Amino acid sequence: MKTFDKKFTLLWLITILIVFLVAIAFGITMRMEQAEMVDVGPLNFYILMTSHGLLMAGVWFVAGMAGIQYILSRYFEVPRWGSVVAYACTLAGVVVLLISTFLTKFHAGWYFLYPLPFYAKGADSGPVLFLIAIAILGAGWLLWSLVLLVTILRKYTVTQALAWHHITGRPGPAVSPFILISFVSLIGVTACLLAAVVLVILYFIELARSGTMSNDPLLMKNLTFFFGHTLVNEMLYLGLAVLYELFPKMAGKPAYKTSWYVAISWNATLLIVLFAYFHHLYMDFAQPVAFQFIGQVMSWFAPLPAACVTIFSVLTTVYRSNMKWSLASLLYFFGVMFWAVGGVGAILDAVIANNLVLHNTQWVPAHFHTYNLLGNVFFSLAFASWFADEYGSEKMAPSMVKVIFSLLVIGGTGFVIAFYLGGALSVPRRVDMYSETVDEGISLAKMAVVFASLYLVGMIMYTVDFTKRCAGQLFS
Amino acid sequence: MIIQKEVFLVFSMMFIIIVTVFFLVFISSKKIGEFQNLNRKRAIFFFIAFGTVLLVLGVSLPKSPYFLYANDQPAQKVFVAAKQFSFSISKYPIATDDDFNMSAGAEITVPIDEIIEFNVSSLDVNHGFSLYKDGVLQAQVQAMPGYVNRLRWRFSESGTYDILCLEYCGVAHAAMAAKLKVE
Ligand code: HEM
Ligand SMILES: [Cu+2]
Ligand SMILES: [Cu+2]
């Protein structure tokens, strides 16, 4: 293994863990404000919300990408500059983002729904700085994703990388599930980042022609959610690609092969994901009903390939495997479990008739925190743990594994249950305080603070342990 | 039963089933063995899941709120405009800031058991128009600038309904509310 790839992956992982801790602290502060335990005021609440959302989405996206970059470099030579440029852009983007939110008080939310950035802007330079941050992040990540796509296409044709020959039975090189899933996800990533670029350009045009031109709000909303939903969805699949590569070995089983149904399932997923975002616009009755229906149908088809292939495979791999559990394999296995749980929360909300009373309630942060905090994050932490076990100075102590794993699972579960209860009790999301109508929100926020703090303690222990075991490698 | 409770119940059931399955498989990992008839079981699982999805889609899509009382004549039209950080509700269209100010703060009453058509729009950013009765969300629709979203609704309970803004619209979003009387 080339030392540069190792070191740079390590640099990514340590950076990600540190930013994660900061973003969790923002999250807990928001919950404390809602619980009336602190008083930061509405403006600071929304500044924290905007920063938290974008930091989290960004950090776990690059974590997925770093995993792909590393595993891909075990297959063949991968250009390094994509990852390096993306790292520089990520740091620069985060700095500009935090300046725009904390210094110029920009607070329009992480997906900055048009035309809110022109209103919730703080100082006049707020939206400009924020959009520059988005542009830097978008450009760096788009480049990285294109570099990885081209790397795969140097070895395989498009139809080979999509594993079509595994469906038709035609001759061709064996394509591993890792390559297939990476390829499929990177196409999705590229598509949604392109949408982000278009979105930012439209904003800048409007800014440049100040007051004389405005964009279409419905079109902008479609673009926003095509970008936001797809990005958050695809970053989970990046984590799954690495799982397909690493998990069977952890269970002492032969590597997963690309069978016809694995190939079909991921090709179907490629298409389904691109149309599921319509479910964010259900309550825009002006949107054509056909789109609304496509949204619900695609949202309900999405779990089929996932459940029948990925979840089924992970379960049967573990069944009577006599495997030795490590933190990495525990996080993978239970990450898949919570992914399934979050998926159920998601598709219930994706029924249009249910969305009428769940949209923009806490049901929404409930389900997406389930498959991020306890799913996607677990996948990336599993990769990091595997990495540390492989290259660190020593393995994690078994007692440490138990303590950290319990803190993350108990803390995370309690935290998301408070959101689910909030959703069931009609408590709105994205409010800094709860009016009399929905004052159940206050006690739920208190509950969430307690559990989220457990999760934070677990993450601090994880980060300290990881750094202790691996930091030496960085400077060796 | 109200929709939220039903959804929470279904979710809790699925939560328990999923956790139980994973836990049982986790326990089984202490033993040695093979999963028998993998492909047949996978196929059966697929067809059950596929059938369930088709069933849910078939039952739930026609219940979409876009079709509520679509072929009926509404007894009353109500116009709602949102603007940072208040609502204006009127029996007449609200197109300008002047219209908005004229009916701002006015309390409006609508008849019970009749079809009411809410014509909802916004004069600045996206807002949300939602109807709460005793803290329970009954229905909602987005308020988008440049568009009118039409929600038809029949109130079966009289009393005062709380209207909350349900789309984040800026710093005073949490305080953006109004009331509606049903008699
Ligand atoms: C213990 C860890 C975490 C805590 C305490 C936390 C807390 C919160 C809170 C309080 C909110 C606002 C909820 C509301 O709408 O009222 C929020 C929103 C959000 N969180 Fe987290 N969160 C955590 C982890 C994560 C993770 C791991 C991710 C993603 C990978 C994430 C992504 C987001 C996003 C995208 C939003 C929406 C922001 C917006 O509405 O603009 N969070 N979080
Ligand atoms: Cu509002
Ligand atoms: Cu609002």
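For the structure given in this document, a descriptive report is provided here. (Residues numbered from 1 in each chain as written. Chains lettered and ligands numbered in written order. Predicted model: local features only at pLDDT ≥ 70, side-chain atom pairs only at ≥ 80, totals over all residues. Heavy atoms only, no water.)

The next thing to look at is the overall build of chain B. The secondary structure content of chain B amounts to 3 helices and 9 strands. The helix and strand sequence of chain B, counted from the amino end, reads α-α-β-β-α-β-β-β-β-β-β-β. Burial analysis of chain B (183 residues in total) assigns 45% to the buried set. In the form shown here, chain B has an accessible surface area of approximately 9,200 Å², with 61% of it arising from carbon and sulfur atoms. If you average the places of the 16 positive and of the 16 negative side-chain charges in chain B, the two averages end up 14 Å apart. (Helix = DSSP H or I, 4+ residues; strand = E, 2+ residues; numbered from the N terminus. Buried < 20%, exposed > 50% of the residue type's maximum accessible area, 1.4 Å probe, protein only. Areas by Shrake-Rupley, 256 points an atom, 1.4 Å probe, with all protein chains shown as cover. Lys, Arg positive; Asp, Glu negative; His and termini not counted. Charge placed at Lys NZ, Arg CZ, Asp CG, Glu CD.)

All names here are of chain B. For the copper ion (ligand 2), every protein donor is listed as His127 (ND1), Cys165 (SG), Cys169 (SG) and Met176 (SD), and the spread of their distances is 2.0 to 2.5 Å. Coordination at the copper ion (ligand 2) comes from 4 donor atoms whose angles at the metal span 97 to 127 degrees, giving a geometry best classed as tetrahedral. Spacing between the donor residues of the copper ion (ligand 2) along their common chain follows H-x37-C-x3-C-x6-M. (Donors = N, O, S within 2.8 Å, 3.2 Å for Na, K, Ca; no water. Tetrahedral: all angles 85-135°; square planar, octahedral: opposite > 155°, others 65-115°.)

Residues and elements named next belong to chain B. If you trace the 5 strands from one edge of the open sheet to the other, you get 3-9-8-5-6, paired in mixed fashion. At either end of the open sheet lies a strand with only one pairing partner, and these are strand 3 (108–110) and strand 6 (136–143). Along the sheet, successive strands turn relative to each other by an average axial angle of 30 degrees, direction set aside. Summarising the sheet, strand 8 (residues 159–164) and strand 9 (residues 177–182) pair through 6 bridges and their orientation is antiparallel. Bridge assignment links Ile163 to a residue of strand 9, and that residue is Ala178. (Pairing = 2+ DSSP bridges. Axes fitted to C-alpha atoms, helices over the stretch in contact; angles between N-to-C directions.)

So, about the site of ligand 1. Residue and element names in this part refer to chain A. Surrounding ligand 1, one finds 25 residues, the nearest of these being Gln34, His52, Trp110, His369 and Arg430. For the shell around ligand 1, the elements supplying multiple residues, two or more each, are helix 1 (3–34), helix 2 (41–75), helix 14 (363–391), helix 15 (398–424) and helix 16 (440–475). Element by element, the count of residues in the shell around ligand 1 is highest for helix 1, at 7 residues. Partitioned by chemical class, the residues of the shell around ligand 1 number 15 nonpolar, 7 polar and 3 charged. (Near = heavy atom within 4 Å. Nonpolar A, V, L, I, M, F, W, Y, C, P; charged D, E, K, R; others polar.)

Turning our eyes to something else, we now look at the sheet that holds strand 4 (residues 115–122) of chain B. Residue and element names in this part refer to chain B. Strand order in the open sheet formed by 4 strands is 2-1-4-7, and the pairing between neighbours is mixed. Bordering the open sheet on either side are strand 2 (86–90) and strand 7 (149–154), each of which pairs with just one other strand. Within this sheet the neighbouring strands show an average axis-to-axis angle of 25 degrees, counted without direction. Judged from the 5 bridges that link them, strand 1 (residues 76–83) and strand 2 form a sheet pairing that is antiparallel. When the sheet's bridge partners are listed, Ala81 is paired in strand 2 with Ser88.

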